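Listed here are the chains, written in short residue letters.
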Amino acid sequence: NMAIEAANGEYILPLDADDTIEPTYIEKAVRILNENPNIQETITLTGDAYKELELYIPAVDAYSSAIKAMPKDIDQKNRANIFNAIGLCQGQLGQYAAAEENLEKARKIATALNIPLTLAESSSNLGLLAHEKGEYEKAAKYRDSYFDVLKTIQKQKVIYENTNINQDIISLSS
């Protein structure tokens, strides 16, 4: 894990001391990664796994690689979700400025494309981040934005996999 945290390349290939690879493996792997426009899905899942394990530095690296692998002109919804995940991890690492920047990117895309769930999540995360930094008025602004989005979702009668958001929507009904 120390090597992953110290790494600064575009890709990471975790190997144990007893692992071996063919001499041309890295060259081939990089070519495949660069030639496959959907490879970001696999890389994103790697980031998700690291995040679940609370290994935030390699998660940020994996998510950042997914963003680089993703064609800029397509899949903006996934791009927004990845920026949100990067921001969450950076917040956990205490990298507040970078976290805020990525969460704002997610929020901007979600607003432009009308993606309510991502907008709610990024607003909530920005609020938590602002609160952590002691910026209580800013935190309240994001909290209000979060609940405004939930009210819109509630009117649309949409159910999401995110149980926290569903619970908050139900609470608004009470």
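Right above here is the structure, for reference.
Anyway, here's the lowdown on the structure attached to this text. (Residues numbered from 1 in each chain as written. Predicted model: local features only at pLDDT ≥ 70, side-chain atom pairs only at ≥ 80, totals over all residues. Heavy atoms only, no water.)

## Topic: the overall build of the chain
Consideration 1: Across its full length, the chain holds nine helices and zero strands.
Consideration 2: Counting only residues that meet the buried cut, the chain has 36% of its 174 residues in that class.
Consideration 3: Pairs at least 24 apart in sequence give 44% of the contacts found in the chain among residues at least 6 apart. (Helix = DSSP H or I, 4+ residues; strand = E, 2+ residues; numbered from the N terminus. Buried < 20%, exposed > 50% of the residue type's maximum accessible area, 1.4 Å probe, protein only. Contact = heavy atoms within 4.5 Å.)

## What about the packing of aromatic side chains?
Two measures describe an aromatic ring pair: the distance that separates the ring centres and the angle between the ring planes.
Consideration 1: Considering all chains together, one arrives at one aromatic pair under this definition.
Consideration 2: Judged by centre distance (5.1 Å) and plane angle (70°), the ring pair of Tyr146 and Phe147 falls under edge-to-face.
Consideration 3: Judged by relative accessible area, which is 8%, Tyr146 ranks as buried.
Consideration 4: A relative accessible area of 28% means that Phe147 is categorised as partly exposed.
Consideration 5: Positioned above the aromatic ring of Tyr142 is the side chain of Lys141, whose terminal nitrogen or guanidinium carbon lies 4.8 Å from the ring centre. (Phe/Tyr/Trp six-rings, centres within 6.5 Å; stacked < 30°, edge-to-face > 60°. Lys NZ or Arg CZ within 6 Å of the ring centre and 35° of its normal.)

## Comments concerning the side chain of Ser122
Consideration 1: Tracing the backbone shows Ser122 in helix H7 (residues 116-132).
Consideration 2: The exposure class assigned to Ser122 is buried, which follows from its relative accessible area of 0%.
Consideration 3: One polar contact links the side chain of Ser122 to the main-chain carbonyl oxygen of Leu119, over a distance of 3.2 Å.
Consideration 4: Beyond its immediate chain neighbours, meaning those up to four positions away, Ser122 contacts Asn84, Leu103, Ala106 and Arg107. (Polar contact = N/O pair within 3.5 Å; in protein donor to acceptor, adjacent residues only side chain to side chain.)

## Details of the environment of Pro116
Consideration 1: Here Pro116 lies in helix H7.
Consideration 2: Looking at Pro116, the relative accessible area reads 16%, which means it is buried.
Consideration 3: For the pair Pro116 and Leu150, spaced 34 residues apart in sequence, the C-alpha to C-alpha distance is 8.0 Å.

## Description of H7
Each turn of an α-helix holds 3.6 residues, which means side chains three or four residues apart point in the same direction.
Consideration 1: Its 17 residues place the ends of H7 24 Å apart at the C-alpha level, agreeing with the 24 Å of an ideal helix rising 1.5 Å per residue.
Consideration 2: Of all 17 residues in H7, 13 are buried, a share of seventy percent or more.
Consideration 3: Following H7 by one or two positions, Gly134 has its phi on the positive side, about 80°. (Expected span 1.5 Å × (residues − 1).)

## Looking at the environment of Ala110
Consideration 1: Of note, Ala110 is situated in helix H6 (residues 96-113).
Consideration 2: Taking the C-alpha atoms as reference, Ala110 lies 8.9 Å from Ala120; in sequence the two are 10 residues apart.
Consideration 3: Ignoring sequence-local partners within four residues, the contact set of Ala110 consists of Ile115, Thr118 and Leu119.

## So, the pattern of salt bridges
Consideration 1: Summed over all chains, the structure comprises six salt bridges.
Consideration 2: The salt bridge involving Glu100 is made with Lys138; its shortest N-O contact spans 2.5 Å. With Glu100 in helix H6 and Lys138 in helix H8 (residues 136-156), this pair connects stretches of sequence that are 38 residues apart.
Consideration 3: The exposure class assigned to Lys138 is partly exposed, which follows from its relative accessible area of 27%.
Consideration 4: The network of salt bridges with shared partners includes Glu100, Lys133, Glu135 and Lys138. (Salt bridge = Lys/Arg side-chain N within 4 Å of Asp/Glu carboxyl O.)

## Here we look at the nonpolar core
Consideration 1: Core analysis: the biggest nonpolar cluster contains 20 residues, and Ile43, Tyr63, Ile82, Phe83, Ile86 and Cys89 have the highest contact counts within it.
Consideration 2: Sorting the residues of this core by element identifies helix H3 (39-52), helix H4 (56-69), helix H5 (76-92) and H6 as the ones contributing at least two each.
Consideration 3: No other element matches H4, which puts eight residues into this core.
Consideration 4: Contact partners of Ile82, with chain neighbours within four places excluded, come to Thr44, Tyr63, Ala66, Ile67 and Met70.
Consideration 5: Ranked by size, the runner-up nonpolar core spans eight residues in total, among them Ala120, Tyr146, Val149 and Ile153. (Core = buried A, V, L, I, M, F, W, Y, C linked by side-chain atoms within 4.5 Å.)

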